[in-house]
Amino acid sequence: MTGTSVPFEPHFGAFVIESLTLGMYGESRNAIREYIQNSFDSLRQAVGDGLIMAEQAKIEVEMDSNRDGLTIRDNGNGLRTENAASVLAAIGASNKDYRHNAGFRGIGRLAGIVFCDRLIFTTKAKGQSQYTRVLFKAQMLREKLAPEGKSEKNAAETLAECVEATRHDTTEINKHYFEVRLEGMFNPPAECIDPEALRTYISQVAPLPYDPKFPFAEEIRTTAAAAGFPIESVQLFVKDGKAEPTELFKPYVSTVAVKRVRAPLTGVNFSASPTGKWWGWIGRKRVSGAIKDPWKGIRVRIRNIQIDDTRVMREIFAESHLTETPRTSYSRFADWYVGEIFVDPKAAIPNARRDGFEENQAWEDIRNELDAQIATPFGKQAYKTSKADQLSVENLTKAIIAIEEQVTLIEAEGNPTTEKLGPLLDDASARRTRIAASMRVAEPSEVEPLQALAGRLGDVQRRLEALLALAPAHSCDEEVGEAIEFLAQQLFKAFRERLGPQEGGRARAIVSEVTGVKPE
């Protein structure tokens, strides 16, 4: 059925800007990652164009001494005066290609609007006598996009009112750079006002080189390159006010914090996609348990820039798409490891928030490979190790010693109660079950120590039963009183609802006289 065509013009209201900027990123600190990502793209382009050598490329992040501003600057191509303003004022439009650039949607540049009053871009291309300055009046924009706002202007008109673009003369003809300035902090993330938090965050998400002191750095780099996944990186310096700038590296070192010790990494395992879509490494350690360092977990990266934190691999550990068998408990085992997965940028596309990937068949295929080759085998290995730890002679011995010490203390006090003895009896019973389970899988050398533990546990249980015989019977007076109180109040309520004033009053009086409970 053919109808009559109705002419119309699409209209994008001002609140589209809110969705694409203020509402885009789950954590406001991710704006820092977006600016570093843009700088990285610019530097890679500058090296490719022969403007600078690779070793000259660098990013500088400077925090103001008064903690009211943050500046991110690179010595990449910069933007020419002819199009700088139009490029920077465009939202959701970019000349970048996702196959070659880390960023490509043209949204991330405005992420900082969330937590500053003025977002200022300053840029210059080599050979030009002018630089461009584009100011986004973030405070004004937030006010216009507030829920109570009644603006009838469209997105472009609203944005135009909050942007100011100017050109300025300069004598530094050969300079080329791009600078982002977040000024006048407004509910900023900790990373914008705490230098240590800033360094910790950047060291995890940015495309940094490995620390020269990391013993497996060269092995990882050479193996990755041989597998067709050369790890790109950039020099990045953080400066706190007037202090000297410090270069950052990835946070990996020779040890990890596990339980109460620093456990050495004994080596790294390498894993590669059977279809060539990803490559990765995972560190080995002898001490079992979750890693406590901030850089724990297996990070997923594209062009060496982190996608979210560790959530991507944690979700794959927790839920397999290859089997219907639930394994939610496996999610905790993702923190037993450190490592990185480098995804081919042509194989999967990060979503707009960069906290995961676009949910399409390409990502599903990669996800299933990561499941089969990393999450499932490493999850099973951690599970078996965890189970073995619970059944180990050493841990069972520690648990039984703890029960013995508590029993000895109760005996010395001479005041056993069921409240004290009940949990110990339950604990002793649970340990007996674990000893039995351990006996089934024990090595020959462990059988005799386990039998000795069973004997000690039997002695402890007999001591507990003897103490229980001496303990005064538990009084139920309190529980009985609470039950009478509850029942009486229920009766009072029923009388009010079902009897007249005279009958209800007499009934309440009788119940109150018998139970001693007064109506509420």
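So, here's what we can say about the structure.

**Observations concerning the packing of aromatic side chains**
Link 1 in the chain: Considering all chains together, one arrives at 18 aromatic pairs under this definition.
Link 2 in the chain: Arranged with centres 6.4 Å apart and planes meeting at 70°, the rings of Tyr35 and Phe121 form a pair that is edge-to-face. With Tyr35 in helix α2 (residues 30–48) and Phe121 in strand β3 (residues 116–124), this pair connects stretches of sequence that are 86 residues apart. Comparing Tyr35 with Phe121, the two get one shared label, buried.
Link 3 in the chain: Through a chain of ring-to-ring contacts, three or more aromatic side chains come together here, namely Tyr210, Phe214, Phe216, Tyr252, Trp281 and Trp295.
Link 4 in the chain: Stacked on the ring of Tyr177, the Lys or Arg Arg73 has its end atom at 4.2 Å from the ring centre.
Link 5 in the chain: Positioned above the aromatic ring of Phe186, the side-chain terminus of Arg142 is 4.0 Å from the ring centre.

**A short note on the packing of α2 against helix α6 (residues 195–205)**
Link 1 in the chain: The N-to-C vectors of α2 and α6 enclose an angle of 50°; their axes lie 11 Å apart at closest approach. Here α2 lies oblique to α6, going by the angle between them. Seen along the crossing, α2 lies across α6 with a hand that is right-handed. Side by side, α2 and α6 meet where Asn30, Ile32, Arg33 and Ile36 of the first sit next to Leu198, Tyr201, Ile202 and Val205 of the second.
Link 2 in the chain: Partitioned by chemical class, the residues of the contact of α2 with α6 number six nonpolar, one polar and one charged.

**Some details on the packing of helix α10 (residues 393–413) against helix α12 (residues 444–470)**
Link 1 in the chain: Packing of α10 against α12 leaves a shortest axis separation of 10 Å and a crossing angle of 20°. Considered as vectors, α10 and α12 are oriented roughly parallel to each other. At the point where α10 passes α12, the crossing takes the left-handed sense. Along the contact surface, α10 presents Val393, Leu396, Thr397, Ile400, Ile401, Ile403, Glu404, Val407, Thr408, Ile410 and Glu411, while α12 presents Glu446, Pro449, Leu450, Leu453, Arg456, Leu457, Val460, Arg463, Leu464 and Leu467.

**Some thoughts on the sheet that holds strand β7 (residues 235–240)**
Link 1 in the chain: Spatial ordering of the open sheet is given by β5-β4-β3-β6-β2-β1-β7-β8, a layout of eight strands whose pairing is mixed. Edge strands, defined here as strands with exactly one partner in the open sheet, are β5 (163–169) and β8 (246–247).
Link 2 in the chain: Pairing between β3 and strand β4 (residues 130–136): five bridges, direction antiparallel. What sits directly across from Thr123, in β4, is Thr132.

**Section: the nonpolar core**
Link 1 in the chain: Counting residues in hydrophobic clusters, the biggest one holds 47 residues, and the most contacted among them are Leu119, Phe121, Ile202 and Leu236.
Link 2 in the chain: No other element matches the seven residues that α2 contributes to this core.
Link 3 in the chain: Of all hydrophobic cores here, the second largest spans 27 residues; its members include Ile307, Phe333, Trp336 and Ile374.

**Looking at unusual backbone geometry**
Link 1 in the chain: One non-glycine residue, Arg67, lies in positive phi territory at about 60°.
Link 2 in the chain: Tracing the backbone shows Arg67 in the loop between β1 (58–63) and β2 (69–74).
Link 3 in the chain: Here Arg67 falls in the partly exposed class, since its relative accessible area comes to 25%.
Link 4 in the chain: A positive phi angle, close to 70°, is found at Asn304, a residue other than glycine.
Link 5 in the chain: Positionally, Asn304 belongs in the loop between β12 (297–302) and β13 (305–306).

**Some thoughts on the environment of His168**
Link 1 in the chain: Mapped onto the elements of the fold, His168 is located in strand β5.
Link 2 in the chain: In this structure His168 comes out as partly exposed when scored by relative accessible area, which is 27%.
Link 3 in the chain: Once the C-alpha coordinates of His168 and Gln130 are considered, the two residues, 38 residues apart in sequence, prove to be 5.3 Å apart.
Link 4 in the chain: Those residues in contact with His168 that sit more than four places away from it in its chain are Ser129, Gln130, Tyr131 and Arg133.

**Focus: the environment of Lys58**
Link 1 in the chain: Looking at the secondary structure, you find Lys58 in strand β1.
Link 2 in the chain: Sequence separation between Lys58 and Gln235 is 177 residues, and the spatial gap between their C-alpha atoms is 4.8 Å.
Link 3 in the chain: Not counting chain neighbours up to four residues away, the residues in contact with Lys58 comprise Leu43, Arg73, Asp74, Asn75, Val234, Gln235 and Phe237.
Link 4 in the chain: A polar contact is formed between the side chain of Lys58 and the side chain of Glu60, at a distance of 3.5 Å.

**Some thoughts on the side chain of Asp293**
Link 1 in the chain: By secondary structure assignment, the location of Asp293 is in the loop between β11 (278–285) and β12.
Link 2 in the chain: Here Asp293 falls in the buried class, since its relative accessible area comes to 8%.
Link 3 in the chain: Engagement of the side chain of Asp293 in a polar contact is seen with the backbone nitrogen of Ala257, the distance being 2.7 Å.
Link 4 in the chain: Residues contacting Asp293, with those up to four places away along its chain left out, are Thr255, Val256, Ala257 and Arg262.

**A closer look at helix α7 (residues 217–226)**
Given 3.6 residues to a turn, an α-helix orients residues that are three or four positions apart in the same direction.
Link 1 in the chain: If you check which residues of α7 are buried, you get Ala217, Ile220 and Ala224. With its buried residues spanning 70° around the axis, α7 presents them on a single face.
Link 2 in the chain: Contacts from the buried residues of α7 go to β10 (261–272) and β11.
Link 3 in the chain: Immediately downstream of α7, the backbone of Gly228 shows phi near 85°, a positive value.

**Quick word on the pattern of salt bridges**
Link 1 in the chain: Going through the model one piece at a time under the given rule, you end up with 31 salt bridges.
Link 2 in the chain: Across the salt bridge formed by Arg29 and Glu191, the nearest N and O atoms sit 3.1 Å from each other. Here Arg29, found in the loop between α1 (15–20) and α2, pairs with Glu191, found in the loop between β6 (177–185) and α6; they are 162 residues apart in sequence, far enough to count as distant.
Link 3 in the chain: Overall, Arg29 belongs to the partly exposed group, its relative accessible area being 22%.
Link 4 in the chain: A salt bridge links Lys58 to Glu60; its shortest N-O distance comes to 3.5 Å.
Link 5 in the chain: When its relative accessible area of 32% is taken as the criterion, Lys58 is described as partly exposed.
Link 6 in the chain: When its relative accessible area of 34% is taken as the criterion, Glu60 is described as partly exposed.
Link 7 in the chain: When salt bridges that share partners are traced, they join Asp64, Arg118, Arg181 and Glu183 into one network.

**Things to note about the sheet that holds β10**
Link 1 in the chain: Reading across the sheet, the six strands line up as β9-β10-β11-β14-β12-β13 and stay open at both edges, with mixed pairing between neighbours. Each edge of the open sheet carries a strand with a single partner, namely β9 (255–258) and β13.
Link 2 in the chain: Relative to β13, β12 runs antiparallel, the two sharing two bridges. The partner of Arg301 across the bridge, within β13, is Gln306.
Link 3 in the chain: Packing against the sheet, α7 makes contact with β10 and β11, and its axis sits at approximately 10° to β10.

Rules used in this analysis
Residues numbered from 1 in each chain as written. Predicted model: local features only at pLDDT ≥ 70, side-chain atom pairs only at ≥ 80, totals over all residues. Heavy atoms only, no water. Phe/Tyr/Trp six-rings, centres within 6.5 Å; stacked < 30°, edge-to-face > 60°. Helix = DSSP H or I, 4+ residues; strand = E, 2+ residues; numbered from the N terminus. Buried < 20%, exposed > 50% of the residue type's maximum accessible area, 1.4 Å probe, protein only. Lys NZ or Arg CZ within 6 Å of the ring centre and 35° of its normal. Axes fitted to C-alpha atoms, helices over the stretch in contact; angles between N-to-C directions. Parallel < 35°, antiparallel > 145°, perpendicular 65-115°, else oblique. Left-handed = near helix turned anticlockwise from the far one by under 90°. Contact = heavy atoms within 4.5 Å. Nonpolar A, V, L, I, M, F, W, Y, C, P; charged D, E, K, R; others polar. Pairing = 2+ DSSP bridges. Core = buried A, V, L, I, M, F, W, Y, C linked by side-chain atoms within 4.5 Å. Polar contact = N/O pair within 3.5 Å; in protein donor to acceptor, adjacent residues only side chain to side chain. Arc of directions from axis to C-beta. Salt bridge = Lys/Arg side-chain N within 4 Å of Asp/Glu carboxyl O.

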